[in-house]
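Letter by letter, the chains look like this.
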Amino acid sequence: APIYKSGASFSWAPSTPNSTFVITVQVFSADGSQMLGLVSCAEQDNGFMTIPSQYLQMYPTNSLVAIYLSRHKIELVETDINNSYIETHMEWEVVGTGYIQ
């Protein structure tokens, strides 16, 4: 998938408003031999996110990328043990590949 230097937009469904969505783009040289950097953006899960161009402009055209899309949801769940709570953390992740264009 092409990741545009002018800004990379992503969309997904369904969105989960009480969750956080994180997109991480790990950038490698065109031959894959060197890691050049990492860009990561996070916000409330609304089904759409754009990685701004200023974070992608520095990488050479045709650099290879690994793209990580992940949703995080943290909740407090009441238990029957001494009126206490347990904090839960759910993570869902998809990984893809692409190149800088």
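Right above here is the structure, for reference.
Report follows, based on the coordinates. This is a predicted model, so every value here is computed, not measured. (Residues numbered from 1 in each chain as written. Predicted model: local features only at pLDDT ≥ 70, side-chain atom pairs only at ≥ 80, totals over all residues. Heavy atoms only, no water.)

### What to know about a nonpolar patch on the surface
And step 1. A contiguous nonpolar patch, built from M90, W92 and V94 and spanning about 250 Å² of accessible area, is present on the exposed surface.
And step 2. If you trace the backbone, M90 turns up in strand β7 (residues 85–100).
And step 3. What makes M90 partly exposed here is its relative accessible area of 35%. (Patch = residues over 30% accessible without salt bridge, like charges linked within 9 Å, V, L, I, M, F, W, Y side chains within 5 Å. Areas by Shrake-Rupley, 256 points an atom, 1.4 Å probe, with all protein chains shown as cover. Salt bridge = Lys/Arg side-chain N within 4 Å of Asp/Glu carboxyl O. Helix = DSSP H or I, 4+ residues; strand = E, 2+ residues; numbered from the N terminus. Buried < 20%, exposed > 50% of the residue type's maximum accessible area, 1.4 Å probe, protein only.)

### Considerations on the sheet that holds strand β3 (residues 20–28)
And step 1. Sheet architecture is open: five strands sit in the order β1-β7-β6-β3-β4, paired in mixed fashion. Taken across any chain shown, the strands that pair with only one partner, and hence form the sheet edges, are β1 (2–3) and β4 (35–44).
And step 2. When β3 meets β4, the two strands line up antiparallel, connected through nine bridges. The residue bridging Q26 from the neighbouring strand is L38, located in β4. (Pairing = 2+ DSSP bridges.)

### A look at the nonpolar core
And step 1. Counting 18 residues, the largest nonpolar core has I3, F10, I23, I51 and V65 as its most contacted members.
And step 2. When contributions to this core are tallied by element, the ones reaching two or more residues are β2 (8–11), β3, β4, β5 (48–51) and β6 (64–78).
And step 3. Top element by residues in this core is β3. It accounts for four residues.
And step 4. Setting aside its immediate chain neighbours within four residues, F10 contacts I3, I23, G47, F48, M49, I51, I67 and L69. (Core = buried A, V, L, I, M, F, W, Y, C linked by side-chain atoms within 4.5 Å. Contact = heavy atoms within 4.5 Å.)

### With respect to the packing of aromatic side chains
The description of two aromatic rings rests on the distance between their centres and on the angle between their planes.
And step 1. Evaluated as defined, the whole model comprises two aromatic pairs.
And step 2. Residues W12 and F21 carry aromatic rings whose centres are separated by 3.7 Å and whose planes lie at 10 degrees to one another, so their mutual orientation is stacked.
And step 3. Given the relative accessible area of 15%, W12 is considered buried.
And step 4. Judged by its relative accessible area of 0%, F21 is buried.
And step 5. Clustering of aromatic rings is evident, with ring pairs tying together W12, F21 and W92. (Phe/Tyr/Trp six-rings, centres within 6.5 Å; stacked < 30°, edge-to-face > 60°.)

### Brief notes about the side chain of D45
And step 1. One can find D45 in the loop between β4 and β5.
And step 2. By relative accessible area, which is 1% here, D45 ends up buried.
And step 3. Among the polar contacts listed, one links the side chain of D45 to the side chain of W12, at a separation of 2.7 Å.
And step 4. Only 3.0 Å separates the side chain of D45 from the backbone nitrogen of T16, close enough to count as a polar contact.
And step 5. Apart from residues no more than four positions distant in its own chain, D45 is found in contact with W12, S15, T16, P17, S19, T20, F21 and R71. (Polar contact = N/O pair within 3.5 Å; in protein donor to acceptor, adjacent residues only side chain to side chain.)

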